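# Summary of structural features
This is what each chain is made of:
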Amino acid sequence: MADRLAEDGWRDLGYEYINIDDCWSAKQRDAAGQLVPDPKRFPSGIKALADYVHARGLKLGIYGDLGIFTCGGYPGTMLEHVKQDAQTFAAWGVDMLKLDGCYSSAEEQAKGYPEMARALNATGRPIVYSCSWPAYQGGLPPKVNYTLLAEICNLWRNWDDIQDSWDSVLSIVDWFFTNQDVLQPAAGPGHWNDPDMLIIGNFGLSYEQSRSQMALWTVMAAPLLMSTDLRTISPSAKEILQNRLMIQINQDPLGIQGRRIVKEKSHIEVFLRPLSQAASALVFFSRRTDMPFRYTTSLAKLHFPEDAVYEVQDVYVGKIIGALKTADNFSVVINPSGVVMWYLRPMALPVQPWHVVRQQAPGEGFHPALV
């Protein structure tokens, strides 16, 4: 996979982490209490693998679990092992850690997740820290403190594991956008909500559904973690995952998570993500299963500033749709379980300075405000 990331254009687009999941270790720690890689699966050890990965301009991620065992039944990281395991990972040259929460109590999690953050920082090696803590506490306040999470973790799994099915993708989209008032403000540069991995290129999604997952994860400012075999990936899945404009929007430096702003009786939904330089991404999503649907609206109805003019680019088709005024009605044809995604750049805005700030006040609708 590292060879494919380096040689097939993935790394140059920003896919730079290659992450090992559960079941990498031996079934027992060694005499010194250290985690040991499975000698059959990793005969040269993790450090040799990290060196190989680094030599190709990539970074290596690994998995741990804050409990007696990992979810797969391998040795977990109990509280007394937190510091030792952090030092082991750093010594191996690991660049990212996902810390799961199987076989641990709420009290152990409340101690262990912040403790691992301190232990990783104390190694002096930059290690991206992914926490599964909120997923084990229902994902919502008061059990989950997103202010604290943002201070100790770089990303966190909020909710259920994704399965290789469209139903699973929809259930995740439903949960994240139903709870967007809580989740959206928690995300930002260095601290992200993680709706779980992309299943594009696997078995469960159609072409339209694959395009939808990519667009919706991008609107959510989600980490893009692939889960498919890059040796055998289809050209259509590769084209979706390597869409340059999509990745640029996903990685926008403001790091603002998008929101669902319209939910129609016709089963069309509209999502908006504010981007740097007063740009925006819009996703028109159809939950219909009958036929392509023509959806008509205007930027004014989506609360864009009055008298503004935008250059619109279709993110998947690539073509630029000339100047669109806020007041102009337009139509998009959205395929069943598919999306149309637009990137909008302001050509003219009504007042200067023209940076658009979109903030959500409690109990108010989501409206862009000009400052």
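Residues numbered from 1 in each chain as written. Predicted model: local features only at pLDDT ≥ 70, side-chain atom pairs only at ≥ 80, totals over all residues. Heavy atoms only, no water.

### Quick word on the environment of Pro-253
If you trace the backbone, Pro-253 turns up in the loop between helix H12 (244-250) and strand E7 (259-263). Pro-253 has contacts with Pro-189 and Ser-276, leaving out every residue within four places of it along the chain. (Helix = DSSP H or I, 4+ residues; strand = E, 2+ residues; numbered from the N terminus. Contact = heavy atoms within 4.5 Å.)

### Observations regarding the UniProt feature "domain: Alpha galactosidase A C-terminal" (unreviewed entry) in the chain
UniProt annotation of "domain: Alpha galactosidase A C-terminal" (unreviewed entry) refers to residues 255-338 when read in the numbering used here. Taken end to end, residues 255-338 is 0% helix and 51% strand, and its first and last C-alpha atoms sit 25 Å apart. (UniProt positions renumbered as here; feature names shortened; annotations may be inferred.)

### Some words on the pairing of strand E9 (residues 280-286)
A large share of E9 lies buried, amounting to 7 of its 7 residues. Side chains Ser-280, Leu-282, Phe-284 and Ser-286 project from E9 onto one buried face, and the interleaved Ala-281, Val-283 and Phe-285 project onto a second face that is buried too. The pairing of strand E8 (residues 268-274) with E9 spans 7 bridges and is classified as antiparallel. What sits directly across from Pro-274, in E9, is Ser-280. Linking E8 back to E9 in an antiparallel pair, the connection comprises 5 residues, with Gln-277 at a positive phi of about 60°. The pairing of E9 with strand E14 (residues 339-348) spans 6 bridges and is antiparallel. What sits directly across from Phe-285, in E14, is Val-339. (Buried < 20%, exposed > 50% of the residue type's maximum accessible area, 1.4 Å probe, protein only. Pairing = 2+ DSSP bridges.)

### A few points about the packing of helix H8 (residues 166-178) against helix H10 (residues 207-219)
Packed helix pairs are specified by the crossing angle of their axes together with the interaxial distance, meaning the distance between the axes. Running from amino to carboxyl end, H8 crosses H10 at an angle of 25°, the nearest separation of the two axes being 11 Å. Here H10 runs roughly parallel to H8, going by the angle between their axes. By crossing handedness, the relation of H8 to H10 is classed as left-handed. Contacts from Trp-166, Val-169, Ile-172, Val-173 and Phe-177 in H8 reach Gln-209, Ser-212, Gln-213, Leu-216, Trp-217 and Val-219 in H10. Among the residues forming the contact of H8 with H10, the class breakdown is 8 nonpolar, 3 polar and no charged. (Axes fitted to C-alpha atoms, helices over the stretch in contact; angles between N-to-C directions. Parallel < 35°, antiparallel > 145°, perpendicular 65-115°, else oblique. Left-handed = near helix turned anticlockwise from the far one by under 90°. Nonpolar A, V, L, I, M, F, W, Y, C, P; charged D, E, K, R; others polar.)

### A closer look at the packing of helix H4 (residues 82-92) against helix H5 (residues 106-122)
Relative orientation of the contacting elements H4 and H5 amounts to 40°, with a least axis distance of 9 Å. The angle between the axes of H4 and H5 places the two elements in the oblique class. Helix-helix and strand crossings are classified by hand; for H4 and H5 the assignment is right-handed. For the pair H4 and H5, the contacting residues are Val-82, Lys-83 and Ala-86 in the first and Glu-115, Met-116, Ala-119 and Leu-120 in the second. Considering only residue class, the contact of H4 with H5 consists of 5 nonpolar, no polar and 2 charged.

### Concerning the packing of aromatic side chains
Under the counting rule described, the total for this entry stands at 17 aromatic pairs. Taking the centre distance of 5.1 Å and the plane angle of 80° together, the rings of Trp-175 and Phe-176 count as edge-to-face. The pair Trp-175 / Phe-176 is uniform in exposure class, with both members buried. Taken together through their ring pairs, the aromatic side chains of Trp-166, Phe-177, Phe-271 and Phe-285 make up a single cluster. Against the face of Tyr-74 rests Lys-27, its NZ or CZ located 4.2 Å from the ring centre. Across from the ring centre of Tyr-316, 4.2 Å away, lies the NZ or CZ of Arg-211, which sits over that ring. (Phe/Tyr/Trp six-rings, centres within 6.5 Å; stacked < 30°, edge-to-face > 60°. Lys NZ or Arg CZ within 6 Å of the ring centre and 35° of its normal.)

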